[in-house]
Structure formats: C-alpha cells, structure tokens
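# Architecture at a glance
The chain contents come next:
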Amino acid sequence: MSNQKKQTDYSKVVRIQIPSNPRFVSHTRNYFFNLCLEHGFSLFDSMDLKLVIGEAIVNIIRHAYSGQTDKPIFVELQFDKDRVEIKLRDYGKKVEPKDLRSFDLSDYREHGIGLFMIKELTDYYFLDQSFEVGNQMVLIKRK
C-alpha cells in the first residue's frame, strides 16, 4: 500500500486576503460568486455560496475582530469536480461555544441567523479553533 498524500492541484485553488473592513465584503462575495459559476455551480448554488461567504466574513469582522477594520481575513476556495471547500481564517478572538447561536430558529437572538444560514446552505460546516490564535471556518458545498 502507498501512503502518498494526495497532491493539491493549485490550478483549482484561489486564495485572497482582505482587510476586516466591511467595504470589502461585497467585492469578495461577488468575486467568489463568479468563480463558483465558472467552476460549474448552478446559479442557485452560487448565490447560496455568495450569501454564506458574506455571512462568514461579517461574523469574523463583528465577533473575532470586534469591528476593527485593519485585521487580516484569509479566504481560500478549492474547487474539485463535485464540490468546493471554503476556508476562512482569522487571527482574532476565539468564539466561546456558549456564545454561538444554536441552529434552531427558535433560539433567535438580537443579531440574526448567520450561522443557521451557513449550516443550511452548505453540506458541511466546521469551526476549527485548534489554532493558538484565531479561528478557521471550513465549509463544503457539493454540486
């Protein structure tokens, strides 16, 4: 048996860094919307991903960086033939699990339903807090 690690096809990986400034949310959402269309996602799935990426970035700005507009947000999309994997990385505050809203709409609190939307519009969602500093959200959407 071979224990070789699968090689990443970097022609299918897009990475960008944006500042934690809300004025970049729209540009980033639109850029990734067009990339999803170009990689064979339906119009509806591309719109879902546009919403998800926007919600995730706004959550990073609001919660990890407490509204600071000069912090880095790293966004990576890796396209495979049947799915896209999205990673959003910040170097802000770790989110306390007790502060996360549940995925139950009856648990609606003051600020909306961003995590509920992210869970509903993707096939997989994970908040990785194993880093010494910051968080990484991993999302997968299948075609």
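Keep in mind that this is a model prediction, so the values were computed, not measured. (Residues numbered from 1 in each chain as written. Predicted model: local features only at pLDDT ≥ 70, side-chain atom pairs only at ≥ 80, totals over all residues. Heavy atoms only, no water.)

### Overview of the packing of helix H1 (residues 25-38) against helix H2 (residues 43-64)
Definition in use: Fitted lines through C-alpha atoms give the axes, limited to the stretch in contact for helices. The angle between two N-to-C directions lies from 0 to 180 degrees. By definition, any uninterrupted DSSP run of H or I lasting at least four residues is a helix, any uninterrupted run of E lasting at least two residues is a strand, and each is numbered from the N terminus. An angle below 35 degrees is treated as roughly parallel, one above 145 as roughly antiparallel, one from 65 to 115 as roughly perpendicular, and anything else as oblique. Left-handed is the label given to a crossing in which the near helix is rotated counterclockwise from the far helix by less than a right angle, and right-handed is the label when the rotation is clockwise. Two residues form a contact once any of their heavy atoms are found within 4.5 Å. Amino acid classes used here: Ala, Val, Leu, Ile, Met, Phe, Trp, Tyr, Cys and Pro are nonpolar; Asp, Glu, Lys and Arg are charged; the rest, including Gly, are polar.
Direction vectors running N to C along H1 and H2 enclose 150°, while the axes themselves pass 9 Å from each other. For the element pair H1 / H2, the angle class is roughly antiparallel. As for how H1 packs across H2, the hand of that crossing is right-handed. For the pair H1 and H2, the contacting residues are Val-25, Thr-28, Arg-29, Asn-30, Phe-32, Phe-33, Cys-36 and Leu-37 in the first and Leu-43, Ser-46, Met-47, Leu-49, Lys-50, Ile-53, Gly-54, Ile-57, Val-58 and Ile-61 in the second. When the residues that make up the contact of H1 with H2 are grouped by side-chain class, the tally is 12 nonpolar, 4 polar and 2 charged.

### Regarding the pattern of salt bridges
Inclusion rule: Salt bridges are counted wherever a side-chain nitrogen of Lys or Arg sits within 4 Å of a carboxyl oxygen of Asp or Glu.
Scanning all chains against the criterion turns up 7 salt bridges. A salt bridge links Glu-76 to Arg-15; the shortest N-O distance between them is 2.5 Å. One end of the pair, Glu-76, is in strand E2 (residues 72-79); the other, Arg-15, is in strand E1 (residues 13-19), with 61 residues separating them in the sequence. One connected set of salt bridges, linked through shared partners, spans Asp-80, Arg-83, Glu-85 and Lys-87.

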